[in-house]
Number of protein chains: 2
Amino acid sequence: MSITADTLRGYTDTIILTQLMRGDSYGYEINRQVQRRTGGAYGFKEATLYTAFRRLEQSGLITSYWGEDGPGARRRYYTITAAGKQFWEERSREWEETRTLLNALLALEVEHESD
Amino acid sequence: MSITADTLRGYTDTIILTQLMRGDSYGYEINRQVQRRTGGAYGFKEATLYTAFRRLEQSGLITSYWGEDGPGARRRYYTITAAGKQFWEERSREWEETRTLLNALLALEVEHESD
DNA sequence: ACGATATACCTCATCTGTCAATGTATATCA
DNA sequence: TGATATACATTGACAGATGAGGTATATCGT
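So, a few notes on the structure that sits alongside this text. (Residues numbered from 1 in each chain as written. Chains lettered and ligands numbered in written order. Predicted model: local features only at pLDDT ≥ 70, side-chain atom pairs only at ≥ 80, totals over all residues.)

A few points about the overall build of chain A
Looking only at helices and strands, chain A has four helices and three strands in total. Each principal axis of the C-alpha distribution contributes one length, and for chain A these read about 55 × 30 × 20 Å. Counting every position in chain A, which comprises 115 residues, the buried fraction comes to 26%. Put simply, 51% of the contacts in chain A that link residues at least 6 apart link residues at least 24 apart. (Helix = DSSP H or I, 4+ residues; strand = E, 2+ residues; numbered from the N terminus. Buried ≥ 20, exposed ≤ 12 C-beta atoms within 10 Å, placed from the backbone. Contact = placed C-beta atoms within 7 Å.)

With respect to the pairing of strand E3 (residues 75-80) of chain A
Residue and element names in this part refer to chain A. In this structure, strand E1 (residues 25-26) lies alongside E3, joined through two bridges in antiparallel fashion. Residue pairing across strands places Ser25 opposite Tyr78, the latter belonging to E3. The pairing of strand E2 (residues 62-67) with E3 spans six bridges and is antiparallel. The residue bridging Gly67 from the neighbouring strand is Arg75, located in E3. (Pairing = 2+ DSSP bridges.)

Details of the protein's contact with DNA strand C
As a structural note, the neighbourhood of DNA strand C is formed by 32 residues, with Gly27, Gly70 and Gly72 of chain A together with Ala5 and Ala47 of chain B the closest of them. Among the secondary structure elements, those contributing two or more residues to the surface near DNA strand C are helix H2 (27-37), helix H3 (46-58) and E3 of chain A together with helix H3 (46-58) of chain B. The residue inventory of the surface near DNA strand C, partitioned by class, reads twelve nonpolar, ten polar and ten charged. (Near = placed C-beta within 6 Å. Nonpolar A, V, L, I, M, F, W, Y, C, P; charged D, E, K, R; others polar.)

Re the interface of chain A and chain B
Of the residues lining the interface, 28 residues belong to chain A; the matching set on chain B comes to 28 residues. Of all the secondary structure elements, the ones that give two or more residues to the side of chain A that touches chain B are helix H1 (12-21), H2 and helix H4 (82-105) of chain A. Per-element tally for the side of chain A that touches chain B: the top contributor is H4 of chain A, with ten residues.

Looking at the sheet that holds strand E1 (residues 25-26) of chain B
The sheet built from three strands is open, its strands ordered E1-E3-E2 (chain B) with antiparallel pairing. A strand with exactly one partner marks an edge of an open sheet, and here the two such strands are E1 and strand E2 (62-67) of chain B.

Quick look at the environment of Ile15 of chain B
Mapping Ile15 of chain B onto the fold places it in helix H1 (residues 12-21). Separated by 77 residues in sequence, Ile15 of chain B and Ser92 of chain B place their C-alpha atoms 9.8 Å apart. Setting aside its immediate chain neighbours within four residues, Ile15 of chain B contacts Leu105 and Leu106 of chain A together with Val34 of chain B.

Let's talk about H4 of chain A
A rise of 1.5 Å per residue sets the reference length of H4 of chain A, with its 24 residues, at 34 Å; its end C-alpha atoms lie 34 Å apart and thus fit the reference within 8%. Looking at H4 of chain A, one finds that the buried residues are Gly84, Phe87, Trp88, Arg91, Thr98, Leu101, Leu102, Ala104 and Leu105 of chain A. Where H4 of chain A is buried, its residues meet H1, E2 and E3 of chain A together with H1, helix H2 (27-37) and helix H4 (82-105) of chain B. (Expected span 1.5 Å × (residues − 1).)

Topic: the sheet that holds E3 of chain A
Pairing within the open sheet is antiparallel, and its three strands lie in the order E1-E3-E2 (chain A). Only two strands of the sheet have a single neighbouring strand rather than two, namely E1 and E2 of chain A.

Function cannot be read off these values alone, since they describe shape.
What follows is the structure, encoded as structure tokens:
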């Protein structure tokens, strides 16, 4: 985990929703996918992950149900709602914008880089 | 201000340091430069800005001194220290990495985008 | 049979950064 | 004289991340 969570604070929800856009999943699996997709560079702390699920469910962005057991204990599966998909779209666009802004704000060079 | 600060939470210090890498400056001016560089899309709230100065100074990343008055009230100028420059280097590298990770984590498409 | 390990979920107290609200003071201009 | 821009500062509230602690099941080697 070479990246501290504070540098992507606020993106936890969107990262989780991105995984759920691909289909229902559960906490442990979502975290494994995040780790795989970042080459092991990032993974959620458990407390971060599960408090995010509570937050997202209470906001109506996801719903949940108990699924069948795997090789470990029981799994709680999550489904992204229509509101969740809309929220994901907004946040994705916002990320594009934020990325552009930070590129501009953290560059020492003179103005006008395209991105 | 179309971008909420929560999406770049944690970058306040680095943004301020970037401005100070160009030379000494003071709060009001730094904020104006941030607004100009983002085409008005982002600016610090005053409380955020001044609490950041306290934090940075206490961490030894900047020093300050009272400068001459401008058209308004007196100005407190800030100087980036050697430790501040080193911190800025680290954070800049970390931003590159975070950008790559978030691009990967927020993309629905299949793997292997270069950036 | 037993212990280690991986799977899987959960909560709470604490810490940190952001910000609304509020306050002070000076210079300019109509 | 009052509005506006410049300029700095503090405080209480809030929200997200996390360390530390907990529960439970399945597998695998010895």
